[in-house]
Amino acid sequence: MSGPRYERSKRQDQHLIGFECQACGWVSFPEEKRTCKRCGDAPAEMEEVQLAERGEIQTFVVQQYLPDDIETPQPVAIVDLPQEGEGEPARAYGLLTETDLEEIDVGTEVVARFRELFSDGERPINSFKFSVPREEKA
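Calculation notes
- Residues numbered from 1 in each chain as written.
- Predicted model: local features only at pLDDT ≥ 70, side-chain atom pairs only at ≥ 80, totals over all residues.
- Heavy atoms only, no water.
- Core = buried A, V, L, I, M, F, W, Y, C linked by side-chain atoms within 4.5 Å.
- Buried < 20%, exposed > 50% of the residue type's maximum accessible area, 1.4 Å probe, protein only.
- Helix = DSSP H or I, 4+ residues; strand = E, 2+ residues; numbered from the N terminus.
- Contact = heavy atoms within 4.5 Å.
- 1 Å grid on protein atoms, 1.4 Å probe; cavity = no way out; pocket = protein on both sides within 12 Å on 5 of 7 lines; lining within 4 Å.
- Points joined across faces, edges and corners; volume = space filled by probe spheres on them.
- Salt bridge = Lys/Arg side-chain N within 4 Å of Asp/Glu carboxyl O.

Caption draft 1: Representation of the nonpolar core in the model. By size, the foremost hydrophobic cluster in this structure holds 17 residues, and its most contacted members are L51 and F130. Only β5 (74–81), β6 (90–95), β7 (109–119) and β8 (124–131) provide two or more residues apiece to this core. It is β5 that provides the largest number of residues to this core, a total of three residues. Aside from chain neighbours lying at most four places away, what touches F130 is V79, L81, A92, Y93, G94, L95, L96, T97, T99, V110, V111 and A112.

Caption draft 2: Spotlight on the layout of surface pockets. Within this model, the second largest pocket holds a volume of roughly 290 Å³. Lining the second largest pocket are 13 residues, and of these E71, P73, Q74, P75 and L96 sit closest to its centre.

Caption draft 3: Spatial organisation of the pattern of salt bridges. Considering all chains together, one arrives at five salt bridges under this definition. One salt bridge connects E109 with R54, and the closest N-O pair in it is separated by 3.5 Å. Of this pair, E109 sits in strand β7 while R54 is found in strand β4 (residues 54–63), placing the two residues 55 residues apart along the sequence. With a relative accessible area of 42%, R54 lands in the partly exposed category. As a salt-bridge pair, R134 and E103 come within 2.8 Å of each other at their nearest N and O atoms. With R134 in the segment after β8 and E103 in the loop between β6 and β7, this pair connects stretches of sequence that are 31 residues apart.

In short, geometric facts, not functional conclusions.
This is the structure in structure tokens:
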């Protein structure tokens, strides 16, 4: 298995960290961009921002036809994750897990669930999937 396509800090492996363009407020996630995709500022001055673990589905698709070794149906969604505090949300793409297809719709609240993908020898490399929040069991 290959590593992430971009370099991640330990902090990013364990939290949802976005990068806000100081010129226009657009938030890049998961990596820091050198050029802002919205305003074109280059080199863009990006500031790290903490994103909330709960967000809202903006659009989704349920993949039915995938290679035999991949479980289907496989729902994937684009989710807006708000910043903790004020500011624009970041847009994230991710798999939906532990969720019935009937629960998925535009506007549905989801929570990021961190999963360890692999270890680089020094620390675990985490990623996330989204799921509909469940009531805590007592």
